[in-house]
Amino acid sequence: VTQPDLAREALVLATLIAAALAAIVVSGADVSVLAAVPALAVAGLAVVPMLPPALRRRRLELAAVTLPLGMLVLAVAVVSVAALGIPLTRVSLLMTLAALVAAGALAQRRSADRPLADGGRAQPGAAERPLHDDVPAQPGAAERPLADGGQAQPGAADRPVGGASATPRGADLPTPVAAAILVACLTLAALLAVRASGGTPPSGNDWGKYLLYADEIRRQGSLLIDNPYWLLGVPFREDPAGPAVLGSLLILSGGATAELAWAIVGCVLLGLLATFAAVSTLFGRRAACAAVAVLAVAPAQADMAAWHGLANFVGLAFLPLALLAVGLVLRGDRSWSACGLLALTLVGIAAAHRLTLLVTVVTLAGIGVVALARAPGVMLRIAARLAAAAAVLGALVASDLLRRSADDGGVQSYSAYLDTKIVWSLVQRDLSWALVVLAAISVLVVVRWAREPIAWLGIALLGAALAYGYSWIAHVPGFYIRAVYFMPLAVAFLVAAAAWLAQRRGGRAARLVPAVIAVAALAAAPAAWGVAGDVRNYYGWTDDAALRGYDLVVRGLGPGQTVVTDRCTSFLAPWLVHAPVLAGLLPSDIGPAAERARVAEARAVLAGGAAGRRVVARRRVRFVLINPRCPGTEQRVPSGGSLVFASTHLTVFATGSP
Amino acid sequence: VSPTPAVRRGAVPALLVALLVTMAAAPLAAAAQKPLDPDDPDLYRPASRRPSKPQPSVLEKAPAIPVLTTRRLQRGVVITPRPRPTRTARSRSERRRSPAGRAVAGDVGDPAPTSGPLAATLRPAATLDPNAAVIQRASGRSSLLGLAVTVLLPGVAFVLWRRRTGPRVS
């Protein structure tokens, strides 16, 4: 059987792009950040020879996974390089990319020496997958036994614990059709994300801290650095993966930092691409198209884009790859490449977003318990490989995370977050009725028809999200309402599994289920469009006029003077004003407990009174910034403050402090 | 364990009907509800956690803030205190007092109001330098020419390489 040598092609393309990036660097030109984005493709293409065979066999899936995988690989690589103490410069980043390509070439050479991966042993799932684009799976695949029934039998190590892996006849759409649907979904998702967050300036508050961190990475050439402005100067404690990649793109391109405000739209799209590649590899292209359609029209995506949840989006772009690796393992791929992919994604998620890591671990634990009960010996061997791979790939990332959180004071009590409990009316709004009903139907279908753990990935993720949402019962601290942001991906995997099961059963179900999914996606799209407009208005916390106000503050600040903000201008002021800031966050807005004391000082100023006046004098507070539309707190005029700027999105009070 | 034939026959159509009915009912239910106000700061707060009465913003509370129209606020206003009002300006300010006795701001740029805590000059924010660093931090742009180097050139080179070598198989 022959197949295009996609790994070789990937390496050639990676080399060409890396050479082009090197040309930019050698010329010394400063170009748009967009011009450096192909660095992600270099990192993704470089590791193609190391990917599990099921993922690198088809061109469309490989194309879809390249950018999210590249972001994952580049993030882990840059965090590791910085943890070694190597300065992040154009040269060191180019060398990192070159090292990745060289590692890929080495793996390709070894793979060429041994045509079958994993020591020459045939992959259990390999024969069940189409080897070329558009080639249907083998006839009769749907009739294969679904699971090993938990019986310990001779040779069980080579049998899938997750059940049959075959995609039924006709389940795979032709490449042009699948590509067209994928592009349509990407376009729709991009439109929704731009509507919710795009523009100049973008909506939300968090973009300020991401731009500031990336800019400081470029300026200081490292990741473990101090934020000179936040709370009068503290270490950057953000999850490093997203800022590491954004900072690298800035360094490579020399472009304007403000361009990174559009990165949120790119991260939305990375999540869709990763989901398509993962679901298509596990369940086939029909299911993948259904999954990305659901994900594209989920209003929660627009909600998160509007407040600029970049780290969450990065984590959600890596999560499908973890589910893919788990699915491949459950299907019977026990190779180092599958275990390595799972380890790499877990390391990447740990670097990207701690909450996503928590939800991922709970999801995998749920699936792992089932798999362990079915084939304990096999699962223990896989766990050992996973631990070894994670230790090698994640040691430097773990070092970064430990040093980053060394003096953060831990987390607050769960009681600080009780006002963030899940509200089901908001969950319904963030999912839309159509997707809620579709999810319910999919749960019924999976529970009724699925006997293999691989089909339960979506239910496991949904369960993990709900467990996090209600973890306040066990006094676990967290921003509980954010559980809803994992639900669209869970519903996407649920719908995909339902589509896969229906397709496998054939008959009327095979015809009706895709129609139901299409109708639901079409019904959800208008709701998502409406929500995108609403959240843009709600989180639109600055505008052109307000920027003039920030400009006024910059002109009026003297050396050593500080600024106090409310919660809606908290992350904007450090970036826009470039001055020390005391931010009046709500308790539930605070992550590291070490920040509570200085936040309390800011809140004292915002509340007025003698305590506030003492803080103004001690900290030399010159201006107080309050967004008149800011929700969540009662707004008061700072003691002794005189209004020097007023607009719909910003008021600036001068304190008269020297 | 596979479902019974009856379930197999009826489950999916029943679920489809349920989905369609729900989708039809959802817009009707939404239409019957009070329309959402996108300017409502409590839009995304559950009703149980909303304050019992509307919370005035800091703009309504500030004692030294002249009455500013929504249009002026949308454009932004720089307020400069004027500690020494002139006689002419004071009389103009007095002429502009409303029947309720509250000072009313004149056109943006006018030296009014001029006495007591309301003494200020209003200036459109647009008169500030538009090329300041803060604007650059919010909306800076760079040349897109680099895209041609990092995307187009490698793409063209890759296509040429494939044409020359042909698709290799393994």
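What you are looking at is a predicted structure, and each value in this text was computed from that prediction instead of being measured.

Parameters and conventions
Residues numbered from 1 in each chain as written. Chains lettered and ligands numbered in written order. Predicted model: local features only at pLDDT ≥ 70, side-chain atom pairs only at ≥ 80, totals over all residues. Heavy atoms only, no water. Helix = DSSP H or I, 4+ residues; strand = E, 2+ residues; numbered from the N terminus. Rg over C-alpha atoms; globule rule 2.2 N^0.38 Å. Buried < 20%, exposed > 50% of the residue type's maximum accessible area, 1.4 Å probe, protein only. Contact = heavy atoms within 4.5 Å. Areas by Shrake-Rupley, 256 points an atom, 1.4 Å probe, with all protein chains shown as cover. Lys, Arg positive; Asp, Glu negative; His and termini not counted. Charge placed at Lys NZ, Arg CZ, Asp CG, Glu CD. Disulfide = S-S within 2.5 Å. Axes fitted to C-alpha atoms, helices over the stretch in contact; angles between N-to-C directions. Parallel < 35°, antiparallel > 145°, perpendicular 65-115°, else oblique. Nonpolar A, V, L, I, M, F, W, Y, C, P; charged D, E, K, R; others polar. Salt bridge = Lys/Arg side-chain N within 4 Å of Asp/Glu carboxyl O. Phe/Tyr/Trp six-rings, centres within 6.5 Å; stacked < 30°, edge-to-face > 60°. Lys NZ or Arg CZ within 6 Å of the ring centre and 35° of its normal. Core = buried A, V, L, I, M, F, W, Y, C linked by side-chain atoms within 4.5 Å. Expected span 1.5 Å × (residues − 1). Bend = angle between axes of the 7 residues up to and from the residue. Pairing = 2+ DSSP bridges. pLDDT = per-residue confidence, 0-100. Right-handed = clockwise from strand over helix to strand, strands pointing away.

Colleague: Hey, could you run me through the overall build of chain A in this one?
Modeller: For chain A, the count of helices and strands is 22 helices and seven strands. What you see for chain A is a C-alpha radius of gyration of 25 Å, in line with the 26 Å of a compact globule of 658 residues. For chain A, the spread of C-alpha atoms along the principal axes amounts to about 80 × 55 × 40 Å. Relative to its full complement of 658 residues, chain A shows a buried share of 64%. Look at the contacts in chain A between residues 6 or more apart in sequence, and 79% of them connect residues 24 or more apart. Surface summary for chain A: the accessible area is close to 21200 Å², and the carbon and sulfur share equals 65%. One way to put it: in chain A the 53 positive side-chain charges average out to a point 4 Å from where the 37 negative ones average out.

Colleague: Got a minute to help me understand the overall build of chain B in this structure?
Modeller: In terms of regular secondary structure, chain B is built from six helices and two strands. The linear arrangement of helices and strands in chain B, starting from the amino end, is α-α-α-β-α-β-α-α. Sorting the 170 residues of chain B into buried and exposed places 29% on the buried side. Intrachain contacts of chain B at a sequence separation of at least 6 include 52% that bridge at least 24 residues. Counting every atom, chain B has about 10900 Å² of accessible surface; 60% of that belongs to carbon and sulfur.

Colleague: Please explain the state of the cysteines as it appears in this structure.
Modeller: What we call a disulfide is simply a covalent bond connecting the sulfur atoms of a pair of cysteines. Residues and elements named next belong to chain A. One pass over the structure, following the stated rule, counts one disulfide over all chains. Between the sulfur of C568 and that of C630 lies a disulfide, 2.1 Å long from S to S. In this structure, the disulfide formed by C568 and C630 twists by about 80° around the S-S bond and is classed as right-handed. Of this pair, C568 sits in the loop between β3 (562-565) and α20 (572-577) while C630 is found in the loop between β5 (621-626) and β6 (642-646), placing the two residues 62 residues apart along the sequence. In this pair, the class of C568 matches that of C630, namely buried.

Colleague: Just checking my understanding: could you explain the side chain of T345(A) for this structure?
Modeller: Structurally, T345(A) can be placed in helix α12 (residues 336-352). For T345(A), the contacting residues outside a window of four places in its chain are L72(A), F318(A), L321(A) and A322(A).

Colleague: Hey, could you run me through the packing of helix α8 (residues 263-283) of chain A against helix α11 (residues 310-331) of chain A in this one?
Modeller: The description of two helices packed together rests on the angle between their axes and the distance between the axes. Residue and element names in this part refer to chain A. As a packed pair, α8 and α11 sit with axes 8 Å apart at the nearest point and diverge in direction by 10°. Compared by their axis directions, α8 and α11 come out roughly parallel. Where α8 abuts α11, its residues A263, I264, C267, V268, L270, G271, A274, T275, A278, T281, L282 and F283 lie against L310, F313, V314, L316, A317, P320, L321, L323, L324, G327, L328 and R331. Residue classes in the contact of α8 with α11 are distributed as 19 nonpolar, four polar and one charged.

Colleague: It is not clear to me how the pattern of salt bridges should be interpreted in this structure. Could you clarify?
Modeller: Opposite charge on two side chains allows them to pair when their charged atoms are near. Residues and elements named next belong to chain A. Counted by the stated rule, this structure contains 18 salt bridges over all chains. Where E61 meets R285, a salt bridge forms, and the shortest distance between an N and an O atom there is 2.8 Å. With E61 in helix α3 (residues 59-83) and R285 in helix α9 (residues 285-296), this residue pair connects regions lying 224 residues apart in the sequence. Through salt bridges with shared partners, a single ionic network connects R58, E61, D172 and R285.

Colleague: How should the packing of aromatic side chains be read in this particular structure?
Modeller: What characterises a pair of aromatic rings is the spacing of the ring centres plus the angle enclosed by the ring planes. Residues and elements named next belong to chain A. Counted by the stated rule, this structure contains nine aromatic pairs over all chains. On the basis of an interplanar angle of 10° and a centroid distance of 4.1 Å, the ring pair of Y213 and F236 is categorised as stacked. Here Y213 is found in helix α6 (residues 207-220), whereas its partner F236 is found in the loop between β2 (234-235) and α7 (241-253), with 23 residues between them in sequence. The class of Y213 is buried, set by a relative accessible area of 0%. Members of the aromatic cluster, each reached through a chain of ring pairs, are Y538, Y539 and W541. Directly above the aromatic system of W472 lies the positively charged group of K421, at a separation of 4.0 Å from the ring centroid. Positioned above the aromatic ring of F479, the side-chain terminus of R482 is 4.4 Å from the ring centre.

Colleague: Looking at this structure, how should I read the nonpolar core?
Modeller: Burial of nonpolar side chains together is a common tendency in soluble globular proteins. Counting residues in each nonpolar core, the largest one holds 243 residues, and the members touching the most others are F283(A) and Y550(A). Broken down by element, this core gets its largest block of residues, 17 residues, from α11(A). Of all hydrophobic cores here, the second largest spans 20 residues; its members include A604(A), I626(A), V58(B) and V77(B).

Colleague: Teacher, can you tell me more about the side chain of H353(A) here?
Modeller: Residue and element names in this part refer to chain A. Along the chain, the position of H353 falls in the loop between α12 and α13 (354-374). Exposure remark for H353: the relative accessible area of 8% places this residue in the buried category. For H353, the contacting residues outside a window of four places in its chain are D239, A311, N312 and G315.

Colleague: Just to check I follow, could you spell out helix α14 (residues 376-404) of chain A for this structure?
Modeller: Residue pairs three or four apart in sequence face the same way in an α-helix, which turns once every 3.6 residues. All names here are of chain A. End to end, α14 covers just 37 Å across 29 residues, shorter than the expected 42 Å (1.5 Å per residue, more than 12% under). Its maximal kink placed at G394, α14 deviates by approximately 60°. Within α14, the full set of buried residues consists of V378, M379, I382, L386, A389, G394, V397, D400 and R404. Of the surrounding elements, those touching the buried residues of α14 are α3, α6, α11, α12 and α13.

Colleague: I keep staring at the pairing of strand β7 (residues 651-654) of chain A and nothing clicks. Help me out?
Modeller: Successive residues of a regular strand alternate their side chains across the two faces of the sheet. All names here are of chain A. The side-chain alternation of β7 yields two buried faces, one formed by T651 and F653 and the other by V652 and A654. Pairing analysis gives four bridges linking β5 to β7, with the strands arranged antiparallel. For F623, the partnering residue across the bridge sits in β7 and is A654. Between β6 and β7, which follow one another and run antiparallel, lie four residues.

Colleague: Hey, could you run me through the environment of V563(A) in this one?
Modeller: All names here are of chain A. Among the structural elements, V563 can be located in strand β3. Given the relative accessible area of 0%, V563 is considered buried. In the structure, V563 is positioned 10 residues away from A573 in sequence and 8.1 Å away in space, judged by C-alpha atoms. Ignoring anything within four residues of it in the chain, the contact list for V563 reads V553, L557, P580, V581, L582, F623 and L625.

Colleague: What should I look at first to understand the confidence of the model for chain B in this one?
Modeller: Interpretation of this model should avoid reading the predicted coordinates in detail wherever pLDDT is low. Residues and elements named next belong to chain B. Chain-level pLDDT for chain B is 65 on average; 36% of the residues reach the 70-or-more range. Here helix α4 (residues 87-95) stands out as the element of chain B with the lowest mean pLDDT, 51, in contrast to helix α6 (residues 145-165), whose mean of 92 is the highest. Low confidence marks residues 97-115, where pLDDT is under 50. Its contacts with residues over four positions away, or in another chain, come to 45 contacts.

Colleague: What should I look at first to understand the pairing of β3(A) in this one?
Modeller: Residue and element names in this part refer to chain A. Alternating residues of β3 divide into T562 and V564 and V563 and T565, and every residue in both groups is buried. Summarising the sheet, β3 and β5 pair through four bridges and their orientation is parallel. Counted as the bridge partner of T562 is V621 from β5. As paired elements, β3 and strand β4 (residues 581-583) share three bridges and run parallel to each other. Paired with V563 across the strands is V581, a residue of β4. Following the chain from β3 across α20 to the adjacent parallel β4, one finds a crossover that is right-handed.

Colleague: So what exactly am I meant to see when it comes to the packing of helix α10 (residues 299-306) of chain A against helix α15 (residues 424-449) of chain A here?
Modeller: Residues and elements named next belong to chain A. Put simply, α10 and α15 touch, their axes get as near as 7 Å, and they point 150° apart. In terms of orientation, α10 and α15 fall into the roughly antiparallel class. In this structure, α10 contributes P299, A300 and D303 to the contact, and α15 contributes R429, D430, L431 and S432. In the contact of α10 with α15, the residues fall into three nonpolar, one polar and three charged.

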